[in-house]
Amino acid sequence: MQRDSLDAIKRLNQKHLDIVGDPEIATRINSFEMAYRMQTSAPELMDISKESKQTLDMYGAEPGKSSFANNCLLARRLVERGDSFCATVS
C-alpha cells in the first residue's frame, strides 16, 4: 500500500515537474524514493539473529538485547552496505 501511494505521488509530482520544470520537484521525487528504500531495507539490516554463531560470539552480541556489541555489529553491517555516515566515522 505504501509503494502504491508513493507511486501515485511520484506520478503527480512528475506531471507537475513536466509543466513547471522546477528542479526542487525532482529533488522531492528522489527524496521520497530514497526514504522508501531506507524504510524497506532497515528491518532486515537491524535483524542480527541471522548472523552466524561464530560472528555473534566474536562480537559478544546477543540478538534482541541492547548492547555496545550489538551496535558494533550493526555499524559493520551499515558500512558493508555503503552507508556514507558510518563509512566516514569508522
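A few points on the structure.

Rules and cut-offs
Residue numbers restart at each chain and count upward from 1, following the sequence in its written direction. In keeping with the model being predicted, local features are shown solely for residues with a pLDDT of at least 70 and side-chain atom pairs are shown and tallied solely at 80 or more, while totals for entire chains, interfaces and linings include all residues. Excluding hydrogens and water, the side-chain values take into account all heavy atoms of the structure. One speaks of a salt bridge when a side-chain nitrogen belonging to Lys or Arg is within 4 Å of a carboxyl oxygen belonging to Asp or Glu. The numbering of helices and of strands both runs from the N terminus, where a helix is a DSSP run of H or I of at least 4 residues and a strand a run of E of at least 2. Note on classification: 1.4 Å probe, protein chains only; a residue is buried when its accessible area is under 20% of the maximum for its type, exposed when over 50%, partly exposed between these limits. Throughout, a residue-residue contact means that at least one pair of heavy atoms, one from each residue, lies within 4.5 Å. Within 6.5 Å between ring centres, the rings of Phe, Tyr and Trp (the latter by its six-membered ring) count as paired, and their orientation is classed by plane angle as stacked under 30 degrees, edge-to-face over 60, tilted in between. In our convention, an over-ring charge means Lys NZ or Arg CZ found within 6 Å of a ring centre and within 35 degrees of that ring's normal.

**Some remarks on the pattern of salt bridges**
Next up, step 1: Throughout the structure, instances matching the rule amount to eight salt bridges.
Next up, step 2: Close ionic contact of D47 with K50 constitutes a salt bridge, the shortest N to O distance being 3.0 Å.
Next up, step 3: Linking R76 and E80 is a salt bridge whose minimum nitrogen-to-oxygen distance equals 2.9 Å. Here E80 and R76 lie together in helix 4 (residues 68–80), a separation of four residues that amounts to about one turn.
Next up, step 4: Given a relative accessible area of 57%, E80 falls into the exposed group.
Next up, step 5: Each of the salt bridges in this network shares a partner with another, and the network as a whole consists of E51, R76, R77 and E80.

**Digging into the environment of R3**
Next up, step 1: In this structure, R3 sits in helix 1 (residues 2–20).
Next up, step 2: Along the primary structure R3 and E33 are separated by 30 residues, whereas in three dimensions their C-alpha atoms are 9.6 Å apart.
Next up, step 3: Sequence-distant contacts of R3, defined by excluding residues within four places in its chain, comprise E33 and Y36.

**Topic: the side chain of T55**
Next up, step 1: With respect to the helices, strands and loops of the structure, T55 is situated in helix 3 (residues 53–59).
Next up, step 2: Given the relative accessible area of 14%, T55 is considered buried.
Next up, step 3: Here T55 is in contact with L73 and R76, once residues within four sequence places are set aside.

**Concerning the packing of aromatic side chains**
Next up, step 1: Using the criterion set out here, one finds zero aromatic pairs in the structure.
Next up, step 2: Positioned over the ring face of Y36 is R3, at 4.6 Å from the centre of the ring.

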